[in-house]
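A look at the structure
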Amino acid sequence: MSGLTRRPIAALAAACMLSAAFPDLSLAGPNTAKVAEKPVEKPGTRAAFTAEDMAAARPAGLDRPVRIPGDEPAAFQALIDDAPAAAEPWLVLSGGGEDGAFAAGLLAGWSAAGTRPDFGVITGVSTGALIAPFAFVGRPGDAPLREAYTTITAADVFEFGGSDVALTDTWPLKRRIDRAVTPALLQAVAAEHAKGRRLLVATTEIDSGRPVLWDLGAIAASAGPKGADPKALGLFRSIVLASSAVPGVFPPVAIDATLADGRAIRELHADGGTTAPFYLAPKRALTAALTGAQLVRIPARTVYVVVNNSTRPHFEMARPTTLSVLGRAMSAAIKAQLQDALALSGAFGRREGLDLQVAEIDGRFTATAPGPFDQRYMQALYAHGERLGRAGDAFTGQAGPGGQGEPQTLARR
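Read on for a plain summary of the structure. Computed from a prediction, not measured in an experiment: that's the story for all the values here. What you see as residue numbers is a count from 1 along each chain, following the sequence as written. Local features are withheld for residues below a pLDDT of 70 in this predicted model, meaning they are given only at 70 or higher, and side-chain atom pairs are given and counted only at 80 or more; totals for whole chains, interfaces and linings count all residues. Calculated side-chain values reflect all of the structure's heavy atoms, with hydrogen atoms and water omitted.

1. Section: the overall build of the chain
For clarity, the threshold we go by: In DSSP terms, a helix is any run of H or I states spanning at least four residues, a strand is any run of E spanning at least two, and both are numbered starting from the N terminus. Burial status follows relative accessibility: with a 1.4 Å probe on protein chains alone, a residue under 20% of its type maximum counts as buried, one over 50% as exposed, and anything between as partly exposed. What makes two residues a contact is simply this: any of their non-hydrogen atoms within 4.5 Å.
In terms of helices and strands, the chain carries 13 helices and 14 strands. A total of 413 residues make up the chain; the buried ones form 56% of that total. Within the chain, contacts between residues at least 6 apart in sequence are counted, and of these 79% link residues at least 24 apart.

In structure tokens, the structure reads:
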């Protein structure tokens, strides 16, 4: 790997990597925007509201349900039961920042092999949420993902010098999202949604501390036949931005909502990875499976989980600095959270009789980058994922730490 050695997530750089930039073919590569073009926004005040208000709120300007509480099994079951294609294989995309190059390459290789399923449900968290819309529209989304995850730089995502609520400003990422999430993309997503497929992205609502699961296909359908309704288009973009807003590092995203009595409130949403590294089902349903209880039923028989990270421990001597020590601790915490999520998902899968296939960045890839959004590193990881996708041996048949188990051949199921 030309001298590169794989590194763990580290300090602020790692937190920033949780927000890989959204793909945009015409703007891929170093950000050419000038600092003078940065939009000037004054901090806004928010009207007070309660937990009960939040539960009844609906995104402003939309007349159809487009989200559910991500931690409520009954709401999740109703959403899935309303999806005719939910019995088809699922794709679950984890967070992981620049390591999203792994999933991007894997999808491209899978397409090239001709064995990539038409997924009935796709879920995404953090960088997985950025990938999910392009994975949802199928093979046409492969090229934009390649551009994003092999050419991105930190300048395309953020600049230091934040505000009262964050260490950085993500105006470059917002600008890229605004240019990438087009009416044409919403039209394509809406067309797939009409077939009974579902595109679900998780954010974390800051005031309640609860996950929110957004039905991006329903939002796209609300955008009209040309995908240009400003309310739906703006909400889609805001959710994509919020999905990668690492709390404290990147600013949360304000989403306007309306209460039943007509009052307007402003919600704050941040990275869905705050509450879970990936989203298969509400955590309460996953945990219940440990005791043999069934709170939700997944109609699919096969679920593919792509982990844009590694569960394996990685040794690296911490430097005597706050950021270095914090970075090592963050890396351990993220890996522990990921291991727990995989263990719970494994128990749930066994309870449900699911064929749960897991792909992670395992020992077959040994490269690292000298810094965040390093192009050589992302190109190497993308190529690795693509090779595995073509060969059909990315996934193992066991959900658990370390990706133990024999690699399974990718197949259309």
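2. So, the side chain of H384
Position of H384 among the secondary structure elements: in helix α13 (residues 375-391). If sequence neighbours within four positions are ignored, H384 has contacts with F102, R364 and F365.

3. Things to note about the environment of T123
In plain terms, the rule: Within 3.5 Å is the distance limit for a polar contact, defined as a pair of N or O atoms, with the added protein rule that one can donate a hydrogen and the other accept it, and that residues adjacent in sequence qualify only through two side-chain atoms.
Turning to its location among the elements, T123 is positioned in strand β4 (residues 121-125). For T123, a relative accessible area of 1% gives the class buried. Once the C-alpha coordinates of T123 and L93 are considered, the two residues, 30 residues apart in sequence, prove to be 6.1 Å apart. Leave out the neighbours within four places in its chain, and T123 touches L91, V92, L93, L200 and Y279. In terms of polar contacts, T123 uses its side chain to reach the backbone carbonyl oxygen of Y279, at 2.6 Å.

4. Examining the pairing of strand β3 (residues 90-93)
Look at any regular strand and the pattern is simple: side chains alternate between the two faces of the sheet. We apply this condition: Any two strands with at least two DSSP-identified bridges between them are counted as paired. Assignment of crossover handedness uses the view with strands pointing away from the viewer, where a clockwise path from the first strand over the helix to the second indicates a right-handed crossover.
Residues W90 and V92 of β3 are buried on one face, and the alternating residues L91 and L93, pointing to the opposite face, are buried as well. Across 4 bridges, the pairing between β3 and β4 is parallel. Bridged to W90 within β4 is V121. For the handedness criterion, the β-α-β arrangement of β3, helix α4 (residues 100-113) and β4 is classed as right-handed. Where β3 lies against strand β11 (residues 302-307), 4 bridges are found, and the strand directions are parallel. Bridge pairing in β11 links W90 to V303.

5. Considerations on the pattern of salt bridges
Where charged atoms from two side chains of opposite charge approach closely, those side chains can pair. Quick note on the threshold: Think of a salt bridge as a Lys or Arg side-chain nitrogen and an Asp or Glu carboxyl oxygen that are within 4 Å of each other.
Considering all chains together, one arrives at 16 salt bridges under this definition. Residue R46 is joined to D207 by a salt bridge in which the shortest nitrogen-to-oxygen separation is 2.8 Å. Of this pair, R46 sits in the loop between α1 (11-17) and α2 (51-56) while D207 sits in the loop between β7 (198-205) and β8 (210-215), and the two are 161 residues apart along the sequence. With a shortest N-O distance of 2.8 Å, R210 and D71 are connected by a salt bridge. Residue R210 is located in strand β8, and its partner D71 is located in the loop between β2 (67-69) and α3 (73-81); the two are separated by 139 residues in the primary sequence. Linked by salt bridges that have partners in common, D53, D261 and R263 make up one network.

6. Quick look at the packing of α4 against helix α5 (residues 127-136)
Heads up, the rule is: Axis definition: a line fit to C-alpha positions, over the contact stretch in the case of helices; interaxial angles, taken between N-to-C directions, run 0 to 180 degrees. Oblique is the label for any angle not covered by the other classes, which are roughly parallel (under 35 degrees), roughly antiparallel (over 145) and roughly perpendicular (65 to 115). Left-handed is the label given to a crossing in which the near helix is rotated counterclockwise from the far helix by less than a right angle, and right-handed is the label when the rotation is clockwise. Classification convention: Asp, Glu, Lys, Arg as charged; Ala, Val, Leu, Ile, Met, Phe, Trp, Tyr, Cys, Pro as nonpolar; all other residues, Gly among them, as polar.
Interhelical geometry of α4 versus α5 gives an angle of 20° and a closest axis separation of 9 Å. Taken together, the axes of α4 and α5 are roughly parallel relative to one another. For the pair α4 and α5, the crossing hand works out as right-handed. In this structure, α4 contributes G100, A103, A104 and L107 to the contact, and α5 contributes T127, I131 and A135. Of the residues in the contact of α4 with α5, the class split is 5 nonpolar, 2 polar and no charged.

7. Here's the deal with the side chain of E205
Put simply, the rule is: Counting rule for charge: Lys and Arg are taken as positive, Asp and Glu as negative, and neither His nor the chain ends is counted.
Here E205 lies in strand β7. The buried charged residue E205 lacks any salt bridge partner; its closest oppositely charged side chain belongs to R46, at an N-O distance of 5.2 Å. With near-sequence residues (within four places) excluded, E205 lies in contact with M54, R210, V212, E267, L268 and H269.

8. Observations regarding the packing of aromatic side chains
What counts here: Each pair of aromatic rings taken from Phe, Tyr and Trp, with Trp reduced to its six-membered ring, is defined by centres within 6.5 Å and is described as stacked if the planes are under 30 degrees apart, edge-to-face if over 60, and tilted in the remaining cases. We call a charge positioned above a ring when the Lys NZ or Arg CZ atom is no farther than 6 Å from the ring centre and deviates by at most 35 degrees from the ring normal.
The full count for this structure, using the stated rule, is 8 aromatic pairs. Three or more aromatic residues joined by ring pairs form one cluster here, namely W110, F119, Y304 and F395. Over the ring of F136 we find R197; its NZ or CZ atom is 4.3 Å from the centre of that ring.

9. Section: the nonpolar core
Heads up, the rule is: Here, the term nonpolar core denotes a set of buried Ala, Val, Leu, Ile, Met, Phe, Trp, Tyr and Cys residues that are joined through side-chain atoms within 4.5 Å.
Within the largest apolar cluster, 68 residues are counted, with the highest numbers of intra-cluster contacts made by L91, I122, W214 and I219. Contacts of L91, omitting those with residues within four sequence positions, involve L107, F119, V121, I122, T123, A135, Y304 and V306. Within the second largest apolar cluster, 35 residues are counted, among which are V125, A285, F348 and L356.

10. With respect to unusual backbone geometry
For S126, which is not glycine, the phi dihedral falls at a positive 55°. Exposure remark for S126: the relative accessible area of 1% places this residue in the buried category.

11. Details of the environment of A281
Positionally, A281 belongs in the loop between β10 (264-271) and α11 (283-288). On the basis of relative accessible area, A281 is assigned to the buried category, the value being 5%. Discounting chain neighbours no more than four positions away, the residues touching A281 are F76, L286, V296 and F348.

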